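This is what each chain is made of:
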Amino acid sequence: MLIGRQAIVVGAGIGGLAAALALAQRGASVTVLEQAGEIAEVGAGLQISPNGTAVLEALGLGPLLPKIGMPLSLLRMRDFARAGDVLRMDVAGAKYRHPWLLAHRADLIAVLQEAAESSGVRIETGARVAGLIEDGRAGVELEDGRVLRAGVVIAADGVRSRIRPVIDPAPEPGFRRQVAWRVLVPGSPGAAAEVQLVLGPGRHLVRYPLRGGMLVNIVAVEERDAWAEDGWSHEDDPAELRAAFSGFPPEITAELERAETAHLWGLFRRPVAQRWTRGRAALLGDAAHATLPFMAQGAVMALEDAWVLGESLAGSDGVEAGLALYEARRKARCRRTVAAADRNALAYHLSVPGVRRLAHLGLGLGERLKPGLALSQFDWLYRHDVTRD
């Protein structure tokens with residue numbers, strides 16, 4: 001059904017490029033509209049759990065996974081004030097069907113862009129979409145006055161989507177009283193491929209190596225009552241980050257001392273969309289289901305969306321039927337994932353020392369009594385393969 005059909009994808013992030021590739025591989029003629037003047041990601045890391053690499057492999061990118069990231073072996077949870085680990089989760093021993101990667105976001109974007117363009121996708125940068133055309137036919141209006149038409153329009157333009165208000169009117173994204181610093185510091189080649197999650201009162205820090213250990217990615221989250229900046233992020237003084245996490249373990253604070261620049265994000269979220277489609281247009285990724293970063297699933301859910309979108313459209317008799325099937329297959333899973341991230345937002349920042357200590361003891365005891373318990377409770381997420389549905 002997609003062969004020869006025109007498709008517009010709004011947004012050239014991970015979800016948009018993956019969707020464009022999935023549609024092009026099924027015969028669509030795809031144009032991606034990106035508002036930025038060039039496709040350039042702020043340097044930062046991300047985790048691609050097995051449910052995400054399953055999609056990358058199905059898209060034909062399996063041989064390029066080593067170029068995208070390094071396989072994760074261990075997840076460690078620590079308390080900021082105590083030696084030793086609260087919990088150790090053996091990812092390598094879990095024997096997932098697909099790898100769990102630690103990736104530089106720019107490396108994943110580069111691979112997706114090259115694959116999309118090699119499949120015939122046309123990417124137009126500097127194309128700012130003003131909104132969806134509402135005359136019964138699929139199309140978008142650009143800020144420069146142009147109107148572009150297609151057989152299907154996919155809005156992968158993020159949590160502040162210009163198209164979502166037309167498809168699913170909802171309140172503006174709300175500040176979740178948390179901010180996140182993201183920094184990259186020099187690492188050590190050959191460093192262990194592990195994620196460390198260090199928990200403290202009202203804050204936590206995640207660190208892991210990238211590019212074979214040459215870099216270390218750090219995301220540090222702090223609760224905060226207000227976010228006054230107009231934009232999503234701004235460059236912050238690394239001294240502010242160091243002050244906020246001054247009580248953390250010495251090896252962590254020493255690493256923060258090496259940070260020369262830091263970017264600070266306000267964490268925003270709006271409810272998962274009640275309605276994902278309207279006519280021949282649909283939402284994808286953060287535009288439909290923006291999530292807090294406490295399950296590391298934002299990019300992965302967008303990858304899953306992209307595959308299911310392509311399969312649903314290709315396997316249906318018409319565009320509207322295909323989009324309805326896509327929504328039906330994705331909505332419940334995305335809601336469950338967003339809810340899991342919300343729960344972690346509370347569990348990571350326990351402020352009462354006694355409560356935090358008891359919670360951590362419980363986690364450690366459960367893992368000792370039943371090794372693999374902590375990871376297995378998320379089998380519904382990590383072991384699910386949307387390409388085999």
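Criteria and cut-off values
- Residues numbered from 1 in each chain as written.
- Predicted model: local features only at pLDDT ≥ 70, side-chain atom pairs only at ≥ 80, totals over all residues.
- Heavy atoms only, no water.
- Buried < 20%, exposed > 50% of the residue type's maximum accessible area, 1.4 Å probe, protein only.
- Helix = DSSP H or I, 4+ residues; strand = E, 2+ residues; numbered from the N terminus.
- Pairing = 2+ DSSP bridges.
- Contact = heavy atoms within 4.5 Å.
- Core = buried A, V, L, I, M, F, W, Y, C linked by side-chain atoms within 4.5 Å.
- Expected span 1.5 Å × (residues − 1).
- Arc of directions from axis to C-beta.
- Salt bridge = Lys/Arg side-chain N within 4 Å of Asp/Glu carboxyl O.
- Axes fitted to C-alpha atoms, helices over the stretch in contact; angles between N-to-C directions.

Student: Sorry if this is basic, but what is going on with the pairing of strand 14 (residues 194–200) here?
Tutor: Both faces of the sheet carry side chains from a regular strand, because those side chains alternate between them. When you tally the buried positions in strand 14, you get seven out of seven residues, the bulk of the element. Burial along strand 14 is two-sided: Glu-194, Gln-196, Val-198 and Gly-200 facing one way and Val-195, Leu-197 and Leu-199 facing the other are all buried. As defined by bridge partners, strand 5 (residues 74–79) adjoins strand 14 across six bridges and the pair is classed as parallel. When the sheet's bridge partners are listed, Asp-79 is paired in strand 14 with Leu-199. With five bridges joining them, strand 14 and strand 15 (residues 203–210) adopt antiparallel strand pairing. Each residue of the ladder has a partner; that of Gln-196, found in strand 15, is Arg-207.

Student: Looking at this structure, I do not really get the side chain of Glu-124. What am I missing?
Tutor: Secondary-structure assignment places Glu-124 in strand 8 (residues 122–125). Among all residues touching Glu-124, those that are not within four sequence positions of it are Val-32, Leu-33, Glu-34 and Arg-146.

Student: How should the pairing of strand 16 (residues 215–223) be read in this particular structure?
Tutor: Burial analysis of strand 16 places seven of its nine residues in the buried class, the great majority of the element. Pairing of strand 13 (residues 174–186) with strand 16 involves nine bridges; the strand directions are antiparallel. Each residue of the ladder has a partner; that of Ala-180, found in strand 16, is Val-221. Both strand 15 and strand 16 contribute to a ladder of eight bridges, which runs antiparallel. Paired with Arg-207 across the bridge in strand 16 is Ile-218. Linking two consecutive strands that pair antiparallel, namely strand 15 and strand 16, is a turn of four residues; a positive phi of about 50° is found at Arg-211 within it.

Student: Explain the sheet that holds strand 12 (residues 152–155) to me, please; I cannot follow it from the model alone.
Tutor: Think of a sheet as strands paired side by side through backbone hydrogen bonds, with each pair either parallel or antiparallel. The six strands lie next to each other as 8-2-1-12-20-19, forming an open sheet whose pairing is mixed. With partners counted over all chains shown, the strands left at the sheet margins are strand 8 and strand 19 (277–278), one partner each. Here strand 1 (residues 6–10) runs beside strand 2 (residues 29–34); their pairing, made up of five bridges, is parallel. Within strand 2, the residue paired with Val-10 across the bridge is Leu-33.

Student: Would you explain the nonpolar core in this entry?
Tutor: Generally speaking, nonpolar side chains in soluble globular proteins are found buried as a group. Core analysis: the largest hydrophobic core is formed by 112 residues, its most contacted members being Leu-23, Val-30, Ile-48 and Val-140. Dropping the residues within four chain positions of it, Leu-23 is found in contact with Leu-2, Ala-7, Val-9, Ala-28, Val-30, Ile-154, Leu-309, Gly-310 and Leu-313. Counting 21 residues, the second-largest nonpolar core is a separate cluster that includes Val-198, Ala-244, Ala-259 and Ala-262.

Student: What exactly am I supposed to notice about the environment of Ala-314 here?
Tutor: Positionally, Ala-314 belongs in helix 9 (residues 298–314). Using a relative accessible area of 33% as the deciding quantity, one classes Ala-314 as partly exposed. Considered as a pair, Ala-314 and Ala-28 are 286 residues apart in the sequence and their alpha carbons are 9.6 Å apart. Every residue in contact with Ala-314, bar those within four places of it in the chain, is listed here: Met-1, Leu-2 and Arg-26.

Student: How should helix 11 (residues 353–369) be read in this particular structure?
Tutor: Helical periodicity: at 3.6 residues per turn, an α-helix aligns residues three or four positions apart in one direction. Compared with an ideal rise of 1.5 Å per residue, which puts 17 residues at 24 Å, helix 11 spans 24 Å between its outermost C-alpha atoms and is within 8% of the ideal. Regarding helix 11, the residues found buried are Arg-356, His-360, Gly-364, Gly-366 and Glu-367. For helix 11, the angular spread of the buried residues around the axis is 160°, confining them to a single face. For helix 11, the exposed residues set more than 90 degrees away from the buried face come down to Leu-358, Arg-368 and Leu-369. Against the buried residues of helix 11 lie strand 5, strand 6 (87–90), strand 14 and helix 12 (373–376).

Student: What should I look at first to understand the pattern of salt bridges in this one?
Tutor: It is possible for side chains bearing opposite charge to pair when their charged atoms get close. Tallying each qualifying case throughout the model produces 27 salt bridges. As a salt-bridge pair, Arg-128 and Glu-143 come within 3.2 Å of each other at their nearest N and O atoms. Of this pair, Arg-128 sits in the loop between strand 8 and strand 9 (129–132) while Glu-143 is found in the loop between strand 10 (139–142) and strand 11 (147–149), placing the two residues 15 residues apart along the sequence. When its relative accessible area of 39% is taken as the criterion, Arg-128 is described as partly exposed. Via salt bridges that share partners, Arg-76, Asp-85, Arg-88 and Glu-194 belong to a single interconnected network.

Student: Any chance you could explain the sheet that holds strand 7 (residues 101–104) here in plain terms?
Tutor: Strand order across the open sheet formed by three strands is 3-7-4, with antiparallel pairing between neighbours. Either end of the sheet is taken by a strand with one partner, and the two such strands are strand 3 (45–48) and strand 4 (69–71). Direction aside, the axes of adjacent strands within the sheet are offset by 25° on average.

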